[in-house]
Amino acid sequence: MNYTYFQQHTIGREVVCSGVGLHSGAKVSMKLKPAPANFGIRFRRMDVCGQPVIDAHHHRVVDTFQATTIGFDGVVVATIEHVMAAFLGAAIDNVLVELDGPEVPIFDGSAAPFLRLLWKAGTRRQNSVRNCLSIDKTILLKDGEAYIKAAPSDGFRVRYAIEYPHPLVGKQEFLWAFDEDGFARDIAGARTFGFLKDVQKLQNMGRAQGGSLDNAVVFDDRGLLNQGGFRYSDECVRHKILDFMGDLALMGMPIIGYFEVFKAGHTLHRRFIEQLTASPGCCTVSRAACLPARIFHTAPLPSFAGGFPQMVKTL
Ligand SMILES: [Zn+2]
């Protein structure tokens, strides 16, 4: 993709796909439509009377158990975090997402299929300046040993760490600095993961009905059930960064800051956003054009070329 960070972007044309929802197990069709400047990302439930529209905004979050769900007036859209991460990663600001069911398709459990869909749609630069949120002072949210800390930075950087008592996970830490190519290469392909005993519990609760080895990395007590193994040796922590980006995208604009996250999940991500927006002086909304150009080019990483076809199923 070729674009400037200073202006807003939408997709070049309408694209359609279909898949199943991870938690509902329901088949759903999803259409992405170009939208005007300052529209943001909005979801529309085509299967509900009046076809209500729900803004992808943190004020609309109604559930964070196992996935991020937005809703309004009793109508919900679940598991939005991976497609939201793809919009943020591809620097797409304005899209209308039409669904004929209550949940975004899970596809392979990563953001790669959504990114591929966005590449297929292309991008269109819009005649409006993009806003960015800059972290101005350090802010910390703790919950037991879990925490999220944000500090001023010259770009979007995140250091995420997790710890699970499993021989194939253990302690994983990954430091990542945003750049467009790096999102595709380092983060987008990392899949959702879970432990077999938790998956069985969730299924007994009526969740994870669409879950399978095609859309999640699943561990039993000793090993990995997926025949194909990992896409990255530290795939789990990379997926946590993907989830974090998807949840941060609910701020409605890119964020410039350094984040340190330990053992968090959707619920703590949401509480952190609430604390950030409720703390005066912690952050400022600026027009991207007024920010120093260097903050958009912070990661001197090699260029991503050739895609990741082995990771992406045909939509
Ligand atoms: Zn996820």
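To keep things clear, this report deals only with the structure shown in the data block. On a predicted model such as this, the values are computed, not experimentally measured, just so you know. What you see as residue numbers is a count from 1 along each chain, following the sequence as written. Local features in a predicted model are, by the rule used here, given only for residues with pLDDT of at least 70; side-chain atom pairs are given and counted only at 80 or more, and totals for whole chains, interfaces and linings are based on all residues. With hydrogens and water stripped out, all remaining heavy atoms of the structure feed into the side-chain values.

**Some words on the coordination of the zinc ion**
Right, so step 1: Listed donors are limited to N, O and S atoms within 2.8 Å of the metal, widened to 3.2 Å for Na, K and Ca; water is not among them, so incomplete-looking sites are possible. H82 (NE2), H239 (NE2), D243 (OD) and D243 (OD) make up the full set of protein donors to the zinc ion, lying at 2.1 to 2.8 Å.
Right, so step 2: Under the classification used here, a metal with four donors is tetrahedral if each angle lies between 85 and 135 degrees, square planar if opposite donors are over 155 degrees apart and the others between 65 and 115, a six-donor metal meeting that same test is octahedral, and anything else is irregular. Here the zinc ion is ringed by four donor atoms whose angles at the metal span 51 to 149°, and the overall shape comes out irregular.
Right, so step 3: Considered as a linear motif, the donors of the zinc ion on their single chain read H-x156-H-x3-D. Of the two residues, H82 sits in helix 1 (residues 81-89) while H239 sits in helix 5 (residues 235-248), which places them 157 residues apart along the sequence.
Right, so step 4: Judged by its relative accessible area of 4%, H82 falls in the buried class.
Right, so step 5: The class for H239 is buried, based on a relative accessible area of 2%. Helix numbering and strand numbering both begin at the N terminus, where a helix is a DSSP run of H or I of at least 4 residues and a strand a DSSP run of E of at least 2. The rule is simple: take the accessible area with a 1.4 Å probe, protein chains only, and divide by the maximum for that residue type; under 20% is buried, over 50% is exposed, in between is partly exposed.

**Let's talk about the side chain of D243**
Right, so step 1: With respect to the secondary-structure elements, D243 resides in helix 5.
Right, so step 2: His is not counted here, nor are the chain ends, while Lys and Arg score as positive and Asp and Glu score as negative. By definition, a salt bridge exists where a carboxyl oxygen of Asp or Glu is found within 4 Å of a side-chain nitrogen of Lys or Arg. In this structure, D243 is buried with no salt-bridge partner, the nearest side chain bearing the opposite charge being K240 at 5.2 Å.
Right, so step 3: One polar contact links D243 to H82, side chain to side chain, over a distance of 3.1 Å.
Right, so step 4: If near-sequence neighbours (up to four positions away) are discounted, D243 is found in contact with E81, H82, H266 and H269. Under this definition, polar contacts are N or O atom pairs within 3.5 Å; protein pairs additionally need one hydrogen-donor-capable and one acceptor-capable atom, and for neighbouring residues in sequence, both atoms have to be side-chain atoms. Note on contacts: a residue pair is in contact if any heavy atoms of the two residues lie within 4.5 Å.

**Considerations on the environment of M251**
Right, so step 1: Looking at the secondary structure, you find M251 in the loop between helix 5 and strand 18 (255-262).
Right, so step 2: Look at M251 and you get buried, because its relative accessible area is 9%.
Right, so step 3: Contacts of M251, omitting those with residues within four sequence positions, involve H58, L133, I273, L276 and T277.

**A short note on the pairing of strand 7 (residues 69-72)**
Right, so step 1: The criterion for strand pairing is that DSSP finds at least two bridges linking the strands in question. The pairing of strand 6 (residues 61-63) with strand 7 spans two bridges and is antiparallel. If you follow D63 over to strand 7, its bridge partner there is T69.
Right, so step 2: In sequence, strand 6 turns back onto strand 7 through a hairpin of five residues, with Q66 there showing a positive phi of about 70°.
Right, so step 3: The pairing of strand 7 with strand 8 (residues 75-77) spans three bridges and is antiparallel. The residue bridging G71 from the neighbouring strand is V76, located in strand 8.

**Some points on helix 1**
Right, so step 1: Of all nine residues in helix 1, nine are buried; the element is thus mostly enclosed.
Right, so step 2: Looking at helix 1, one finds that the buried residues are E81, H82, V83, M84, A85, A86, F87, L88 and G89.
Right, so step 3: A91 sits one or two residues past helix 1 and shows a positive phi near 60°.

**A short note on the nonpolar core**
As a rule of thumb, nonpolar side chains are buried together in soluble globular proteins.
Right, so step 1: Residues L32, F43, F87, W176, F183 and F259 are the most contacted members of the largest nonpolar core, which totals 79 residues.
Right, so step 2: Broken down by element, this core gets its largest block of residues, seven residues, from helix 5.
Right, so step 3: Two domains each donate at least three residues to this core, and these are domain 1 (7-129) and domain 2 (131-298).
Right, so step 4: The residues contacting L32, other than those within four sequence positions of it, are I11, R13, E14, V15, F87, V95, L96, V97, L117 and L118. Throughout this description, the term nonpolar core refers to a set of buried Ala, Val, Leu, Ile, Met, Phe, Trp, Tyr and Cys residues connected via side-chain atoms within 4.5 Å. Domain delimitation follows an automatic or database domain assignment.

**Some thoughts on the side chain of H166**
Right, so step 1: Position of H166 relative to the elements: it lies in the loop between strand 14 (156-164) and strand 15 (170-177).
Right, so step 2: Within the structure, the side chain of H166 is placed 2.7 Å from the backbone oxygen of D220, a separation counted as a polar contact.
Right, so step 3: Not counting residues within four places of it along the chain, the set of residues in contact with H166 comprises F195, F219, D220, D221, R222 and G223.

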